[in-house]
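# Report on the structure
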Amino acid sequence: MSKPLGRPDLDKLTPVQWEQMGISREGLEKNLMRMQEREKNAPAVGDPAPDFELKRLSPEGKLTEELIRLSSLRGRAAALVFGSYT
C-alpha cells in the first residue's frame, strides 16, 4: 500500500520540521484519525445527495425568507456552491 499523495513520511520529519508545522506527531495522528472517522459517514462519489432545506437567495445575493428543499428540484438542473463569501 502506498502512502497518500502529498503526505510526508512522518518518520523522516525532524523536530525542527514538526515545530515549523506547528503540530506534534501525536496531534497530527489524532486529527487524521478524527478525519477518517468523520469520512465513514460521508456520502461516496456517485451517492445521491442528502435532502436538505435552506433559505433562497435573492438575485442580489441577499437571504430571503423563502425556503427551498433540494428534493423539490428533482429532475431539474441545480448548482450547489459550497464555500464562504464573508
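Residues numbered from 1 in each chain as written. Predicted model: local features only at pLDDT ≥ 70, side-chain atom pairs only at ≥ 80, totals over all residues. Heavy atoms only, no water.

## Focus on the overall build of the protein chain
Counting its secondary structure elements, the protein chain contains two helices and two strands. Burial statistics for the protein chain: of 86 residues in total, 8% are counted as buried. Restricting to contacts in the protein chain with at least 6 residues of sequence separation, those with at least 24 account for 5%. (Helix = DSSP H or I, 4+ residues; strand = E, 2+ residues; numbered from the N terminus. Buried < 20%, exposed > 50% of the residue type's maximum accessible area, 1.4 Å probe, protein only. Contact = heavy atoms within 4.5 Å.)

## Quick word on the confidence of the model for the protein chain
Detailed reading of the predicted coordinates is not advisable wherever pLDDT is low. Mean pLDDT over the protein chain works out to 84, with 88% of the residues at or above the 70 mark. Put simply, helix H1 (residues 15-21) is where the protein chain has its lowest mean pLDDT, 88, and strand E2 (residues 63-69) is where it has its highest, 93. (pLDDT = per-residue confidence, 0-100.)

## What to know about the environment of Glu-53
Mapped onto the fold, Glu-53 is located in strand E1 (residues 53-57). Sequence-wise, Glu-53 and Ser-72 are 19 residues apart; in three dimensions their C-alpha atoms are separated by 9.6 Å.

## Thoughts on the pattern of salt bridges
Should their charged atoms come close, side chains of opposite charge can pair. Inspection of every chain in the model, using the stated rule, returns seven salt bridges. Asp-11 serves as the salt-bridge partner of Arg-25, at 3.0 Å between the closest nitrogen and oxygen. Here the residue Arg-25 occupies a position in helix H2 (residues 25-39), and Asp-11 occupies one in the segment before H1, the gap between them amounting to 14 residues. Residue Arg-25 is classed as partly exposed on the basis of its relative accessible area of 29%. As a salt-bridge pair, Glu-37 and Lys-40 come within 3.1 Å of each other at their nearest N and O atoms. The class of Glu-37 is partly exposed, set by a relative accessible area of 46%. The class of Lys-40 is exposed, set by a relative accessible area of 61%. Salt bridges sharing common partners tie together Asp-11, Arg-25 and Glu-29. (Salt bridge = Lys/Arg side-chain N within 4 Å of Asp/Glu carboxyl O.)

## What to know about the pairing of E2
Sheet topology places E1 next to E2; four bridges connect them, and they run antiparallel. Its bridge partner lying in E2, Leu-54 is registered against Ile-68. Adjacent in sequence and paired antiparallel, E1 and E2 are bridged by five residues, among which Gly-61 carries a positive phi angle near 85°. (Pairing = 2+ DSSP bridges.)

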